[in-house]
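So the chains spell out like this:
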Amino acid sequence: MKKLLLLVACLSAACAGTPQYDVVIRHGTVYDGSGSPGVVEDVAIRGDRIAARGELGGTRGRQEVDATGLAVAPGFIDMLNHSETALMADGRSQSGIRQGVTLAVFGESSMGPLSDQMKRDMKARQGDIKFDITWTTLGEYLDTLAARRVSTNVASFVSASTIRANEIGYDNRAPTAEELDRMRAHVRRAMAEGAMGVTTALIYTPAVFAKTDEIIELAKVASESGGMYIAHMRSEGNRLLEAIDETLTIARQAHIRAEIYHLIAAGQSNWGKLTDAIAKIEAARKEGLEITADMYTYTAGSTGLDASMPPWVQEGGYDAWAKRLQDPAIRERVRHQMATPSDDWENLLLAAGGDGTLLVGFKNEALRIYTGKTLGEVAKLRGKSIQDTVMDLVVEDGSRVQVVYFLMSEDNVKRQIQLPWVSFGSDASSMAAEGVFLKTSTHPRAYGNFARLLGKYVRNEHVISLEEAIRKLTSLPADTLRIKDRGRLSVGQFADVVIFDPKTISDRSTYEQPHQYAVGVRDVWVNGTQVLEDGEHTGATPGRVVRGPGWRPRT
């Protein structure tokens, strides 16, 4: 039917003569990313840029696309993406592209700078996806990824955690003055290579060992070249409010704008803290601080079983951690701390419970029989306590074991979606429902985070309007990142464009069957090249590295 419509269009006067544009998208309802209501009009692409908008009846494109009854929007921006490894295996970025995601922003950790020991450890920890580590700095990794060809655009923050591991390892101590100077130099180089700013994840080792003043010093360097600070805070549960205070302190003292990754109030006893959390952030914004947040559209998060054990037992890295877990005296101490409420560290297992913790990712194939089972179920099968089962699985798997923790309130999810300063991040990899990715399970947000927003929360539940949702997926994150030529359907912007059906867009991925693509996105262009046509990937790989404000091109 689409081809018939195109044939009819190309028999009209609009298709006579030499084409002025490469692509003309006609009669779609255009949402420009500003938050304004949609307008029925045409959009033209020439090369990699938006060339014209409006009534373009007297023009012709080499490709004519009829978008009658469909939404036309800027490509979506995933503010927290973990496809650093997935894209090394499959550059098509299938689960993201099929939701309209055209820019994946890496954060929490980073793929550089790496020491020789870090390279050896990373190689040893590789699971089903294996690759050679030929780079050292973050910029070299991004160049490597671009050279392998990917369908989506990518950007990255440089991680304070990675830098700490590079200079200090996994020791629980402050850096020396000389080490701190080298850490600053790492940030400075990464910013010049195009990092968006400094990121960290303060519930995991080695970042958990960093004090606030250390983070401030690194954030100051990022601020010098216009970068931002973005973090998985030190707590999202019992000390949520104190963690927000720390984030605001870093923003003030480093003179840097800041974003909170996946804003949540984790654990039922903490759900009520969201009101005070929002009040703190909005008071800081009124004060003049540039504070934003992002979120995913689910009531469960996903991370490892390391988030169920105290940081001290993980000091020194995985090998030291696994060795300690085989010492009976240490196990007894860990067992007690895992089961005891405390504000000293973030215990997601205690917040979710054994029956609220789903096992989804194992490195050891012999343990994959437990995939899709709860921790409580596996503990019963093994005849052991929850705590002992966690310790045993970490040792036996040779990894932290990926799990899903059910932690959040649906009412809070809806409330956060309505906040004008909150964008969206999958906190997941962009996968393919085939090949190596099917060897393990995952969180459904890898396949459905953005489609779920537009289907469940916009169309079905009317939590926010369609134009506001698109703003929060496009211009809001672009402005936050200081990306000037993406995030809007404006003449001169890069042609990252998505056409979707607001009446049918939906997530299909579930916790039981996560490897299912979203539906409703018909066409996607990245830098003017079509990567999705009639809902199918074209195989094109036009993705580029989007560099941050401090980027200095190498001569």
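Residues numbered from 1 in each chain as written. Predicted model: local features only at pLDDT ≥ 70, side-chain atom pairs only at ≥ 80, totals over all residues. Heavy atoms only, no water.

1. Re the overall build of the protein
The condition is simple: To qualify as a helix, a DSSP run of H or I must reach at least 4 residues; to qualify as a strand, a run of E must reach at least 2; elements of each kind are numbered from the N terminus. Restricting the calculation to C-alpha atoms gives the radius of gyration, and the globule rule supplies 2.2 Å times the number of residues raised to the power 0.38. For the exposure calls, accessible area comes from a 1.4 Å probe over protein chains only, and a residue counts as buried if that area is under 20% of its type's maximum, exposed if over 50%, partly exposed in between. Residues are treated as being in contact if the distance between any of their heavy atoms lies within 4.5 Å. Note that accessible areas follow from Shrake-Rupley with a 1.4 Å probe, and for residues the cover is restricted to the protein chains shown. We treat Lys and Arg as the positive residues and Asp and Glu as the negative residues; His and chain ends play no part in the count. To locate a charge, the coordinates of NZ of Lys, CZ of Arg, CG of Asp or CD of Glu are taken.
When helices and strands are tallied, the protein shows 19 helices and 21 strands. Against the globule reference of 24 Å for 555 residues, the protein gives a C-alpha radius of gyration of 23 Å, in line with a compact fold. Each of the three principal axes of the protein carries a C-alpha extent, and together these read 85 × 50 × 45 Å. Each of the 555 residues in the protein was classed as buried or not, and the buried ones make up 61%. Once local pairs closer than 6 in sequence are excluded, the contacts in the protein between residues at least 24 apart make up 76%. Carbon together with sulfur atoms contributes 50% to the accessible area of the protein, which is approximately 20700 Å² in total. In the protein, which carries 65 positive and 70 negative side-chain charges, the distance between the mean positions of the two groups comes to 2 Å.

2. Here we look at helix 18 (residues 466–473)
Helix 18 sits mainly inside the fold: seven of its eight residues count as buried. Listing the buried residues of helix 18 in full gives L466, E468, A469, I470, R471, K472 and L473.

3. What about the sheet that holds strand 8 (residues 153–156)?
Note the threshold: Strands are labelled as partners when DSSP assigns at least two bridges between them. Fitted lines through C-alpha atoms serve as axes, helices being fitted only where they are in contact, and the angles separating the N-to-C directions of these axes extend from 0 to 180 degrees.
The strand order across the open sheet formed by three strands is 6-7-8, and the pairing between neighbours is parallel. The outermost strands of the open sheet, each flanked by one partner alone, are strand 6 (76–81) and strand 8. Within this sheet the neighbouring strands show an average axis-to-axis angle of 20°, counted without direction. When strand 7 (residues 101–106) meets strand 8, the two strands line up parallel, connected through four bridges. Counted as the bridge partner of A104 is V154 from strand 8. Where helix 5 (residues 138–148) meets the sheet, its contacts fall on strand 7 and strand 8, and the angle it forms with strand 8 comes to roughly 170°.

4. Description of the packing of helix 6 (residues 160–167) against helix 7 (residues 177–192)
Helices that pack against each other are described as a pair by the angle of their axes relative to one another and the distance between those axes. How we decide: We call two directions roughly parallel when the angle between them is under 35 degrees, roughly antiparallel when it is over 145, roughly perpendicular when it lies between 65 and 115, and oblique otherwise. By definition, any crossing whose near helix is turned counterclockwise from its far helix by less than a right angle is left-handed, and any crossing with a clockwise turn is right-handed. As a working rule, the residues Ala, Val, Leu, Ile, Met, Phe, Trp, Tyr, Cys and Pro are called nonpolar, Asp, Glu, Lys and Arg charged, and the rest polar, with Gly in that last group.
Interaxial distance between helix 6 and helix 7 falls to 10 Å at its minimum, and their mutual angle equals 135°. On the basis of their axis angle, the class for helix 6 and helix 7 is oblique. Relative to helix 7, the crossing made by helix 6 is right-handed. Between helix 6, through I163, R164, N166 and E167, and helix 7, the contact on the second element is made entirely by E179, R182, M183, H186 and V187. Per-class residue counts for the contact of helix 6 with helix 7 are three nonpolar, two polar and four charged.

5. Remarks on the pattern of salt bridges
For clarity, the threshold we go by: Salt bridge, as applied in this entry: a Lys or Arg side-chain nitrogen positioned within 4 Å of an Asp or Glu carboxyl oxygen.
Per the stated rule, a full pass over the model turns up 45 salt bridges. Close ionic contact of R544 with D48 constitutes a salt bridge, the shortest N to O distance being 2.9 Å. With R544 in the segment after strand 21 (536–537) and D48 in the loop between strand 2 (39–46) and strand 3 (49–54), this pair connects stretches of sequence that are 496 residues apart. The class for D48 is partly exposed, based on a relative accessible area of 21%. D181 is paired through a salt bridge with R184; the nearest N and O atoms lie 2.6 Å apart. Linking D181 with R184, this pair stays in helix 7, spanning three residues, or about one helical turn. Accessibility expressed as a relative area gives 46% for D181, which makes it partly exposed.

6. Quick word on helix 15 (residues 386–397)
Which entries qualify depends on this criterion: Any helix carries an expected span of 1.5 Å times its number of residues minus one.
The end-to-end C-alpha separation of helix 15 is 16 Å, in line with the 16 Å expected for twelve residues at 1.5 Å each. Along helix 15, nine of the twelve residues are buried, which leaves the element largely enclosed by surrounding structure. Looking only at helix 15, the buried set comprises Q387, D388, T389, V390, M391, D392, L393, V394 and D397. Each element contacted by the buried residues of helix 15 is listed here: helix 11 (318–324), helix 12 (328–338), helix 13 (348–352), strand 15 (357–361) and helix 14 (375–382). Immediately downstream of helix 15, the backbone of G398 shows phi near 70°, a positive value.

7. Examining the layout of surface pockets
To keep things clear, this is the line we draw: Cavity means a closed set of points on a 1 Å grid over the protein atoms alone, one where a 1.4 Å probe fits but cannot get out, pocket means an open set with protein on both sides within 12 Å along at least 5 of 7 lines, and lining means a residue has an atom within 4 Å of a point. Grid points are joined across faces, edges and corners, and a volume is the space filled by probe spheres set on the points.
Quantified by volume, the second largest pocket comes out at close to 680 Å³. As for the second largest pocket, its lining consists of 37 residues, and the residues nearest its centre are R234, D343, D344, W345 and E346. Of all the secondary-structure elements, those providing two or more residues to the lining of the second largest pocket are helix 9 (240–254) and helix 13. Here the residues of the lining of the second largest pocket are counted per class, giving 16 nonpolar, twelve polar and nine charged.

8. Describing the sheet that holds strand 16 (residues 402–406)
The sheet built from three strands is open, its strands ordered 14-16-15 with antiparallel pairing. Each edge of the sheet is formed by a strand with only one pairing partner; in this case those strands are strand 14 (300–304) and strand 15. Strand-to-strand twist of the sheet, defined as the mean angle between neighbouring strand axes without regard to direction, takes the value 30°. Both strand 15 and strand 16 contribute to a ladder of four bridges, which runs antiparallel. The partner of L359 across the bridge, within strand 16, is V403.

9. A closer look at unusual backbone geometry
Look at the link from G112 to P113: it is a cis peptide, with omega at 5°. For P113, the location among the structural elements is in the loop between strand 7 and helix 4 (116–125). A cis geometry characterises the amide bond from T205 onward to P206, with omega recorded as 0°. Following the sequence through the fold, P206 ends up in the loop between strand 10 (197–201) and helix 8 (212–224). Even without glycine at this site, R149 takes up a positive phi of about 80°. Mapped onto the fold, R149 is located in the loop between helix 5 and strand 8. One non-glycine residue with positive phi stands out, namely H255, at about 55°. Along the chain, H255 falls in the loop between helix 9 and strand 12 (258–260). By relative accessible area, H255 is classed as exposed at 66%.

10. Remarks on the environment of T137
Assignment of secondary structure puts T137 in the loop between helix 4 and helix 5. Remark: the alpha-carbon pair of T137 and A190, spanning 53 residues in sequence, is separated by 7.4 Å. Residues in contact with T137, not counting those within four places in the same chain, are M111, G112, P113, R189 and E193.

11. Thoughts on the nonpolar core
This is how the line gets drawn: By nonpolar core we mean a set of buried residues, namely Ala, Val, Leu, Ile, Met, Phe, Trp, Tyr and Cys, connected to one another through side-chain atoms within 4.5 Å.
Membership of the largest hydrophobic core comes to 106 residues, with the highest contact counts inside it found for Y141, Y229, I417, L454 and F500. In contact with I417, other than residues within four places in its own chain, are M295, T297, F424, L453, Y457, V463, I464 and K472. With 40 residues, the next largest nonpolar core counts A201, I203, L325 and M408 among its residues.

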